[in-house]
Amino acid sequence: MDITKIPFNKFIEIIESDTADHVLELELRDCVKNHLGTFHASAQFALAEACSGLALQKHFPHLENSVVPMLRKSDVKFKKPAQTHIHARARIDITEKEKFEQQLERKGRATVIVFIEVLDQEGTVTMNGSYEWFVQKL
């Protein structure tokens, strides 16, 4: 599945990044601004959530079309107003990845936490957080 083709992601125009250390990006346009003229918190959240889903695809390609992933919870912190084009990048700890794969094999369902950073064009972290996904075999 192409994360950028999910209707909401397509609507706010999340795109794949061509920068090596960033995964997805979003341009600052009127439709994603808040009352201060900076990125709306929900736009940053959406970019980070999409990036966490893409991280699942990249870390677990063998599970495509055999599981249903659903976001269970998230914990985010907005650190600085985002006033320029933003990028997101994801990380899954190796121990978390191994635990997830073992539990999924044993029980047919498991959770995995993806850590996300959203950065502006200058490389300043504007938001970070964790996204916990519940994944169940079909």
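Further up the page is the structure itself.
Note that the structure is predicted; figures quoted are calculated from it, not measured.

Asks: Which parts of the structure should I look at to understand the packing of aromatic side chains?
Replies: What describes a pair of aromatic rings is the distance from one ring centre to the other and the angle between the planes of the rings. Going through the model one piece at a time under the given rule, you end up with two aromatic pairs. Aromatic side chains F45 and Y131 sit 5.2 Å apart centroid to centroid with 50° between the ring planes, which places their arrangement in the tilted category. Separated by 86 residues along the polypeptide, F45 in helix α2 (residues 41–59) and Y131 in strand β6 (residues 125–137) bring together distant segments of the chain. Ring centres of F60 and F100 lie 4.7 Å apart, and the angle between their planes is 55°; on these two criteria the pair is classed as tilted.

Asks: What exactly am I supposed to notice about unusual backbone geometry here?
Replies: Trans is the common state for peptide bonds, and a negative phi is the common state for residues other than glycine. One non-glycine residue, E13, adopts positive backbone phi at about 70°. Along the chain, E13 turns up in the loop between α1 (7–11) and β1 (15–16). Judged by relative accessible area, which is 46%, E13 ranks as partly exposed.

Asks: I keep staring at the pairing of strand β5 (residues 109–120) and nothing clicks. Help me out?
Replies: Side-chain positions along a regular strand alternate between the two faces of the sheet. Taken together, the six bridges between strand β4 (residues 86–91) and β5 define a ladder with antiparallel strand orientation. When the sheet's bridge partners are listed, R91 is paired in β5 with F115. Pairing of β5 with β6 involves 11 bridges; the strand directions are antiparallel. Among the inter-strand pairings, F115 is bridged to a residue of β6, identified as S130. Counted along the chain from β5 to the antiparallel partner β6, the turn is four residues long, and its residue G123 has a positive phi close to 90°.

The rules behind these values
Residues numbered from 1 in each chain as written. Predicted model: local features only at pLDDT ≥ 70, side-chain atom pairs only at ≥ 80, totals over all residues. Heavy atoms only, no water. Phe/Tyr/Trp six-rings, centres within 6.5 Å; stacked < 30°, edge-to-face > 60°. Helix = DSSP H or I, 4+ residues; strand = E, 2+ residues; numbered from the N terminus. Buried < 20%, exposed > 50% of the residue type's maximum accessible area, 1.4 Å probe, protein only. Pairing = 2+ DSSP bridges.

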